[in-house]
Each structure stands twice: as C-alpha cells, then as structure tokens.
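# Coordinates in review
Here is what each chain is made of, one letter per residue.
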Amino acid sequence: DSFDGFRARYEQAVPSFQSERFDSLIEKGVDWQTVLEATADNAPHDFILYWSHDFTSLMRLAGDRGRCVEYLMGNHTIAQKMYRYNPAILLYAPLRTAIVEDADNATWFTVDQPSTRFGSFNTPQITRVGIELDHKLAALLEHLDAPVPPALTDS
C-alpha cells in the first residue's frame, strides 16, 4: 500500500483517544467496568492512538526525503493489568509505532515487539500481558493486511 493509504487504514483501525469522554468519566468517578466498556468502544481493534506527529516537514528542512509519522498506540485497560505490578511499565506503554516511507518509496510499519519490552521486568504477570499484546498486535497487522512477523504469534 502507499504511505498515505496505509496511514489512513491504520488511523481508522486505531482511533484517537477520546480524551473528553474519559476526562468526563474521571470527573464522575465511575467504576472500572464503565472505563472498560468505554475503552472497548474506543478501541475496535484493541488499540487507541494517544499521540501522533508527522516529522516529514521538519526533516525536509535538513534535506531528508523520507516520510515518517510516529504514534503512541496502546490501551490503558491493558496497561493497567501490568501497572498494578510495576508502574514503570509506562516506559513502554503505550507502544511507540511509526509509519515510514524509505528512499525506494516502500512503506513500513515499525513497532517494538511488546513481549520483549515487558518481559524485561521479570514479573510473570507482566510478561503474560506482553505476550497478549504480541497477539493483539498480530491481529491488528492481519486486519491491516500487513505482514505478521512469526515472533508475534510463536509465543
């Protein structure tokens, strides 16, 4: 797919975080089940975009021709399953992803394998969620008709 085509499909599959909605839930002091339900509604493929930035224009000022949009993609309800054991998991949650167009005009989707990052905490409960995220990432890639690295489904 083209850079713009893949980007559009990705941003449709992984919608932006509905900050006003969740701010309202926080203000109301709702229970966690309500947050789970609202999140499921916001994340049809298990992931939400918390932030994005297109660095292309800035890097072109240096004469670079490639294109790159970076994202923070995650799901706070999945992160919570790890946070209870070690809040430092927020170093890797949400996941950093990027859509890149290289010098040959090939489009790439890049992301660190979640289980490798979360496995570094040496906490079995966190490691299991990292593997769960591998599988969710694989499902997202399948939905996007992108190649799925075997490492995401082998565990």
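Before reading further, recall that the structure is shown in the block above.
Quick caveat: nothing in here was measured; it's all calculated off a predicted structure.

Across its full length, the chain carries seven helices and four strands. For the chain, the succession of helices and strands along the chain, N to C, is α-α-α-β-α-β-α-β-β-α-α. A compact globule built from 155 residues would reach a C-alpha radius of gyration of about 15 Å, and the chain, at 17 Å, matches this within 12%. Taken along the three principal axes of its C-alpha coordinates, the chain extends 50 × 35 × 30 Å. Across the 155 residues in the chain, those meeting the buried criterion constitute 34%. Sequence-distant contacts in the chain: of pairs separated by 6 or more residues, those separated by 24 or more amount to 61%. Accessible surface for the chain amounts to roughly 8,900 Å². Of this, 52% is attributable to carbon and sulfur atoms. Charge separation in the chain, taken as the distance between the mean sites of 13 positive and 22 negative side-chain charges, equals 3 Å.

What follows concerns the pattern of salt bridges. Taken as a whole and assessed by the stated rule, the structure comprises ten salt bridges. A salt bridge links Arg 9 to Asp 1; the shortest N-O distance between them is 2.9 Å. Judged by its relative accessible area of 29%, Arg 9 is partly exposed. Across the pair Glu 132 and Lys 136 runs a salt bridge, and its minimum N-O distance is 3.9 Å.

Let's shift gears to the sheet that holds strand S1 (residues 48-54). If you trace the four strands from one edge of the open sheet to the other, you get S1-S2-S3-S4, paired in antiparallel fashion. Every other strand in the sheet has two partners, leaving S1 and strand S4 (107-111) as the edge strands with one partner each. Strand-to-strand twist across the sheet, computed as the mean angle between neighbouring axes with direction ignored, equals 20°. Bridge count for S1 against strand S2 (residues 67-74) is six bridges, and the pairing is antiparallel. Residue pairing in the sheet places Trp 51 in a bridge with Leu 72 of S2.

In this section: a nonpolar patch on the surface. A surface patch of nonpolar side chains, about 330 Å² in accessible area, is lined by Leu 58, Met 59 and Leu 61. Relative to the assigned elements, Leu 61 resides in the loop between helix H4 (56-60) and S2.

The subject of this paragraph is the packing of aromatic side chains. Ring pairs (aromatic) are described by centroid distance and by the angle formed between their planes. For the structure shown, the criterion picks out eight aromatic pairs. Note on Tyr 10 and Phe 109: the rings are 5.1 Å apart at their centroids and 55° apart in plane angle, and the pair reads as tilted. With a gap of 99 residues between them, Tyr 10 in helix H1 (residues 3-13) and Phe 109 in strand S4 connect regions that are remote in the sequence. Like Tyr 10, the residue Phe 109 is buried in the burial classification.

A few words now on helix H7 (residues 124-143). For H7, which comprises 20 residues, the first-to-last C-alpha distance of 29 Å matches the rise-based estimate of 28 Å (1.5 Å per residue) to within 8%. Listed in full, the buried residues belonging to H7 are Ile 126, Val 129, Gly 130, Leu 133, Asp 134, Lys 136, Leu 137, Ala 138, Leu 140 and Leu 141. Of the surrounding elements, those touching the buried residues of H7 are H1, S2, helix H5 (76-83), S4 and helix H6 (114-118). Asp 145 sits one or two residues past H7 and shows a positive phi near 55°.

The rules behind these values
- Residues numbered from 1 in each chain as written.
- Predicted model: local features only at pLDDT ≥ 70, side-chain atom pairs only at ≥ 80, totals over all residues.
- Heavy atoms only, no water.
- Helix = DSSP H or I, 4+ residues; strand = E, 2+ residues; numbered from the N terminus.
- Rg over C-alpha atoms; globule rule 2.2 N^0.38 Å.
- Buried < 20%, exposed > 50% of the residue type's maximum accessible area, 1.4 Å probe, protein only.
- Contact = heavy atoms within 4.5 Å.
- Areas by Shrake-Rupley, 256 points an atom, 1.4 Å probe, with all protein chains shown as cover.
- Lys, Arg positive; Asp, Glu negative; His and termini not counted.
- Charge placed at Lys NZ, Arg CZ, Asp CG, Glu CD.
- Salt bridge = Lys/Arg side-chain N within 4 Å of Asp/Glu carboxyl O.
- Pairing = 2+ DSSP bridges.
- Axes fitted to C-alpha atoms, helices over the stretch in contact; angles between N-to-C directions.
- Patch = residues over 30% accessible without salt bridge, like charges linked within 9 Å, V, L, I, M, F, W, Y side chains within 5 Å.
- Phe/Tyr/Trp six-rings, centres within 6.5 Å; stacked < 30°, edge-to-face > 60°.
- Expected span 1.5 Å × (residues − 1).

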